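This is what each chain is made of:
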Amino acid sequence: MPRSKDVKRHLSEDELDAAIDEAQKAEETRLVRRLCLIKNLYAGDSVTEAANRVGTTQPTASRWTDRWNEHGIDGLRPDFGGGRPPKLSEQEQEQLCEVLEAHQPLTTTHVQRLIEEGFGVSYSQRHISRLLKNLNMRYAIPRPESPDRPDDAEEGLEQRLEAALDELDDDIVTDGGVVVGFLDEAWPRPTDNSRRL
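As the structure is a prediction and not an experimental result, all values here were calculated from the model.

Visitor: Report on the nonpolar core, specifying residues and quantitative values.
Guide: Ranked by size, the top nonpolar core spans 22 residues in total, and within it Leu88, Leu96, Leu100, Leu114 and Ile115 carry the most contacts. Formed by 20 residues, the second largest nonpolar core is a distinct cluster that contains Leu31, Ala51, Trp64 and Leu76.

Given below as structure tokens:
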């Protein structure tokens, strides 16, 4: 048996349609969905029917209806509370960029360890990739058999990492991963057979 619930008519149907249009123009997709639920309730749907029409569950639709009844449109706006604060402050992120730029290229594994040892913050490899992207850094998988690769490439990588850590007043040794840096025109471009991240 469909559940019914009283719905306050904070807006006329025309005003509700205008609010839906405005939310669509502002690309507030969650608000549009919630306002469409209210519109369906205005049209006489039960909470269950209205929930099915907008692709949500009955309990969620019931909560949205309660929030509408209590606060109108403002009650339907998602409130994410700003999210969790970043582990690295803006100043630390700037410092990390400066160190990485000065000591490039490094692997993502090196960057992960650099952040752990230099800032006392742990990130997963997956998040390191997202962090670097957010910092507008590009990275690519190195070619293991590059014809231009010097014989002491691994030593050079370790030296750059040690220099970066010295700049942060820490020491660390790691290996493996993906090359990270501010890639420029001098950096070898990947061939058609290589992947680029």
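Visitor: Give a description of helix α8 (residues 125-134) that names residues and reports values.
Guide: For α8, the set of buried residues is Ile128, Leu131 and Leu132. For α8, the arc enclosing every buried residue in end-on projection is 95°, short of the 170-degree limit, so these residues lie on one face. Turned more than 90 degrees off the buried face of α8, the exposed positions are Arg126, Lys133 and Asn134. Backbone geometry just downstream of α8 places Asn136 in the positive-phi region, at approximately 60°.

Visitor: A description of the environment of Glu28 should follow, citing residues and the corresponding values.
Guide: Its location among the elements puts Glu28 in the loop between α1 (13-25) and α2 (29-42). It is 8.7 Å that separates the C-alpha atoms of Glu28 and Arg77, two residues lying 49 residues apart in sequence.

Visitor: Tell me about the confidence of the model for the protein chain, and name the residues and values.
Guide: This prediction gives the protein chain a mean pLDDT of 80; 78% of its residues lie at or above 70. Segment residues 170-175: pLDDT under 50, and 21 contacts once partners within four positions in sequence are set aside and those in other chains are kept. Every residue in residues 183-197 scores below 50 in pLDDT, and together they form 18 contacts with partners more than four places removed in sequence or on other chains.

Visitor: Residue-level account of the packing of aromatic side chains, with values.
Guide: For any pair of aromatic rings, the description rests on two quantities: the centre-to-centre distance and the angle between the ring planes. Counted by the stated rule, this structure contains 1 aromatic pair. When the ring of Tyr42 is compared with that of Trp68, the centres are 6.4 Å apart and the planes differ by 75°; the resulting orientation is edge-to-face. Residue Tyr42 is found in helix α2, and its partner Trp68 is found in helix α4 (residues 58-71); the two are separated by 26 residues along the sequence. On the basis of relative accessibility, which here comes to 0%, the residue Trp68 falls in the buried class. Directly above the aromatic system of Tyr42 lies the positively charged group of Arg9, at a separation of 4.3 Å from the ring centroid.

Visitor: An account of the packing of helix α3 (residues 47-54) against α4 is needed here, citing residue identities and associated values.
Guide: Interhelical geometry of α3 versus α4 gives an angle of 105° and a closest axis separation of 9 Å. Accordingly, the angle class assigned to the pair α3 and α4 is roughly perpendicular. Seen from α3, the contacting residues are Val47, Thr48 and Ala51; seen from α4, they are Gln58, Ala61 and Ser62.

Visitor: Tell me about unusual backbone geometry, and please be specific about residues and values.
Guide: A positive phi angle is found at Glu27, which is not glycine, with a value near 55°. Along the chain, Glu27 falls in the loop between α1 and α2. Assessed through its relative accessible area of 69%, Glu27 is described here as exposed. Phi angles above zero are rare outside glycine, and Asn136 is one such case at about 60°. One can find Asn136 in the loop between α8 and β2 (138-140). On the basis of relative accessible area, Asn136 is assigned to the exposed category, the value being 67%.

Visitor: Could you give me a rundown of helix α7 (residues 108-119), with the residues and numbers involved?
Guide: Taking 1.5 Å of rise per residue, the 12 residues of α7 would be expected to cover 16 Å, and the 16 Å separating its terminal C-alpha atoms lies within 8% of that figure. All of the buried residues along α7 are Thr108, Thr109, His110, Val111, Gln112, Leu114, Ile115 and Phe119. Looking one or two places after α7, you find Gly120, whose phi comes out positive at around 70°.

Visitor: Can you explain the pattern of salt bridges? Please cite residues and give values.
Guide: In the structure shown here, the tally under the stated rule is 6 salt bridges. Residue Arg53 is joined to Asp45 by a salt bridge in which the shortest nitrogen-to-oxygen separation is 2.5 Å. Arg53 sits in the exposed class, given a relative accessible area of 58%. One salt-bridge network, in which partners are shared between bridges, spans Glu28, Asp74 and Arg77.

Thresholds, definitions, all that
- Residues numbered from 1 in each chain as written.
- Predicted model: local features only at pLDDT ≥ 70, side-chain atom pairs only at ≥ 80, totals over all residues.
- Heavy atoms only, no water.
- Core = buried A, V, L, I, M, F, W, Y, C linked by side-chain atoms within 4.5 Å.
- Buried < 20%, exposed > 50% of the residue type's maximum accessible area, 1.4 Å probe, protein only.
- Helix = DSSP H or I, 4+ residues; strand = E, 2+ residues; numbered from the N terminus.
- Arc of directions from axis to C-beta.
- pLDDT = per-residue confidence, 0-100.
- Contact = heavy atoms within 4.5 Å.
- Phe/Tyr/Trp six-rings, centres within 6.5 Å; stacked < 30°, edge-to-face > 60°.
- Lys NZ or Arg CZ within 6 Å of the ring centre and 35° of its normal.
- Axes fitted to C-alpha atoms, helices over the stretch in contact; angles between N-to-C directions.
- Parallel < 35°, antiparallel > 145°, perpendicular 65-115°, else oblique.
- Expected span 1.5 Å × (residues − 1).
- Salt bridge = Lys/Arg side-chain N within 4 Å of Asp/Glu carboxyl O.

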